[in-house]
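# Chain and residue survey
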Amino acid sequence: MLTKYTLLMVLMTLVVFAYGNGAKKQRQALKWGIAAAGKICSDFVNALSTLSSADHQVIAVAARTNLTRAQEFAQKFSISTAYAGYENLALNSVIDIVYIGNLNPQHYSTAKLMLDHGKSVLMEKPLTMNGKQSKELTMLAQRKGVFFAEGLWSRYLPIYKFIRQEIRAGKLGEIVRVDAELGSVRPQPRFQIKELGGGAILDFGSYGIDILQWIFEDDPLDIEATGKLNDNGVDTDVTAVFSYCNDRKATLKLSINEDLKNVLKIVGTKRSMEIPSFWYGTSLIDANGKQHNWPLPTGAKYPFNNTNRAGLAYEAEAVRKYIRAGKKQSDLATHAVSLSIARIQDELRRQVGVVYINDFDVNYISPNLNIFNK
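Our subject in this report is the structure included herewith.

Reading the values: rules and limits
Residues numbered from 1 in each chain as written. Predicted model: local features only at pLDDT ≥ 70, side-chain atom pairs only at ≥ 80, totals over all residues. Heavy atoms only, no water. Pairing = 2+ DSSP bridges. Helix = DSSP H or I, 4+ residues; strand = E, 2+ residues; numbered from the N terminus. Axes fitted to C-alpha atoms, helices over the stretch in contact; angles between N-to-C directions. Core = buried A, V, L, I, M, F, W, Y, C linked by side-chain atoms within 4.5 Å. Buried < 20%, exposed > 50% of the residue type's maximum accessible area, 1.4 Å probe, protein only. 1 Å grid on protein atoms, 1.4 Å probe; cavity = no way out; pocket = protein on both sides within 12 Å on 5 of 7 lines; lining within 4 Å. Points joined across faces, edges and corners; volume = space filled by probe spheres on them. Nonpolar A, V, L, I, M, F, W, Y, C, P; charged D, E, K, R; others polar. Right-handed = clockwise from strand over helix to strand, strands pointing away. Parallel < 35°, antiparallel > 145°, perpendicular 65-115°, else oblique. Left-handed = near helix turned anticlockwise from the far one by under 90°. Contact = heavy atoms within 4.5 Å. Salt bridge = Lys/Arg side-chain N within 4 Å of Asp/Glu carboxyl O.

### A short note on the sheet that holds strand β3 (residues 81-84)
Strand order in the open sheet formed by 6 strands is β3-β2-β1-β4-β5-β6, with parallel pairing between adjacent strands. A strand with exactly one partner marks an edge of an open sheet, and here the two such strands are β3 and β6 (148-151). Within this sheet the neighbouring strands show an average axis-to-axis angle of 20°, counted without direction.

So, in structure tokens, the structure goes:
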């Protein structure tokens, strides 16, 4: 016959066991698949290496058609499985989420493939080539009940959190104007060729529009844009004026043919703030003249291809927490935010005169040119 003491010990053992299992389930690593084997995907996986392997594991990488390319990527990052063809990622039952970093015109078809197979997706910006494609994917993700987000990684950086806190706390007063410019010489074909999804609006424009949305937390009432096109019909230089409610203004200057200042200036009724290289920044001087610095995650296996991309780790860890909490979209980069950015990009392109094949053929995925992968 069991004594009260024995019963108590049994109950305590069961509670500890149940708690332990729950903790293990909560701690279970997020299992990533990587769609494409170019520089951006390399930076993302490299950033994952700064995080605990108990939280993040890369299960497989796939190149679009080139198995050798995928195998070289896998060997570099000690990934056990390499595929030729994204379908294999979609069919891999171990993978929780797929990070997609291929050419812009391939985003829609690759994400649709993953979502159709019940995979969560983190999509490198821009989400797709246009608002129609973006809307279709968000609706598909909602029907499938899986996590889906655009990789607006800047939103997860400490500097962005600080900027919003300063604004919401009224440190600058009412924001009356924002000026942002982003540009550098980018002669690579994927920036300059229409069939590869080139153009300043889909490249730097994603960051520029995003910071305006981050600051104003509202859509513009009106946009006036001008720009220059290259011989291929790609926008190389764009200047736009955004009008918001309460007579607030913003200017955005973009270029893939010129090195710009790459500065954000926020003008308030009390003070102003100027932030260099804001979309990947790690330091700034606040409205009171105080210097703030935020260190990047450390411990990456290799040098990064792009500046401060160790910061991608903030995004990856946030995504893990969202998925483990059962969320289907990011709190910081919601579906609504991505759709708003896509609509603004569509309007900028309309005014400047940029038309892609994807605007007529939703399934166009660009030539099979692996050397142009991101």
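### Regarding the environment of Pro 105
Inspection of the secondary structure assignment puts Pro 105 in the loop between β4 (97-100) and α5 (107-116). Considering only alpha carbons, one finds Pro 105 and Gly 197, 92 residues apart in sequence, at a separation of 5.6 Å.

### Concerning the nonpolar core
Formed by 107 residues in total, the largest nonpolar core has its most connected members in Trp 32 and Ile 266. Top contributing element to this core by residue count: helix α9 (residues 204-216), with 8 residues.

### A word on empty space enclosed by the protein
Enumeration over the complete set of coordinates arrives at 2 cavities of 30 Å³ or more. Of the voids in this model, the largest cavity is the one considered here, and its volume is about 50 Å³. Surrounding the largest cavity, Pro 126, Leu 127, Thr 128, Met 129, Asn 130, Ser 134, Glu 150, Ser 338, Ile 341, Ala 342, Gln 345 and Asp 346 form its lining. Per-element accounting of the lining of the largest cavity gives the leading share, 5 residues, to helix α11 (residues 335-352). For the lining of the largest cavity, the per-class residue count stands at 5 nonpolar, 5 polar and 2 charged. As a volume, the second largest cavity reaches approximately 30 Å³.

### Observations regarding the pairing of β3
For strand β2 (residues 56-63) and β3, the ladder comprises 4 bridges, and the chain directions are parallel. Looking at the pairing, Val 61 lines up with Ala 82 of β3. The parallel pair β2 and β3 is bridged by helix α3 (residues 67-76), and the resulting crossover is right-handed.

### So, the packing of helix α2 (residues 39-48) against helix α10 (residues 312-324)
Relative placement of two packed helices is described by the angle separating their axes and the distance separating the axes. One can describe the packing of α2 onto α10 by two numbers: an axis separation of 8 Å at closest approach and a directional angle of 70°. Here α2 is positioned roughly perpendicular relative to α10, judged by the angle of their axes. The handedness of the crossing between α2 and α10 comes out as right-handed. Only Leu 312, Ala 313, Glu 315 and Ala 316 of α10 make contact with α2, whose side of the interface consists of Asp 43, Phe 44, Ala 47 and Leu 48.

### Some words on the pairing of β2
A large share of β2 lies buried, amounting to 6 of its 8 residues. Relative to β2, strand β1 (residues 30-35) runs parallel, the two being bridged by 6 bridges. Bridge pairing in β2 places Trp 32 opposite Val 58. Between β1 and its parallel partner β2, the chain crosses via α2, and the hand of that crossover is right-handed.

### Quick word on the pattern of salt bridges
Summed over all chains, the structure comprises 16 salt bridges. With a shortest N-O distance of 3.7 Å, Asp 55 and Arg 320 are connected by a salt bridge. Residue Asp 55 is located in the loop between α2 and β2, and its partner Arg 320 is located in helix α10; the two are separated by 265 residues in the primary sequence. Note that Lys 171 is salt-bridged to Glu 166, the shortest N-O span being 3.3 Å. With relative accessibility at 7%, the residue Glu 166 sits in the buried group. Taken together, the shared-partner salt bridges in this structure form one network comprising Asp 55, Glu 317 and Arg 320.

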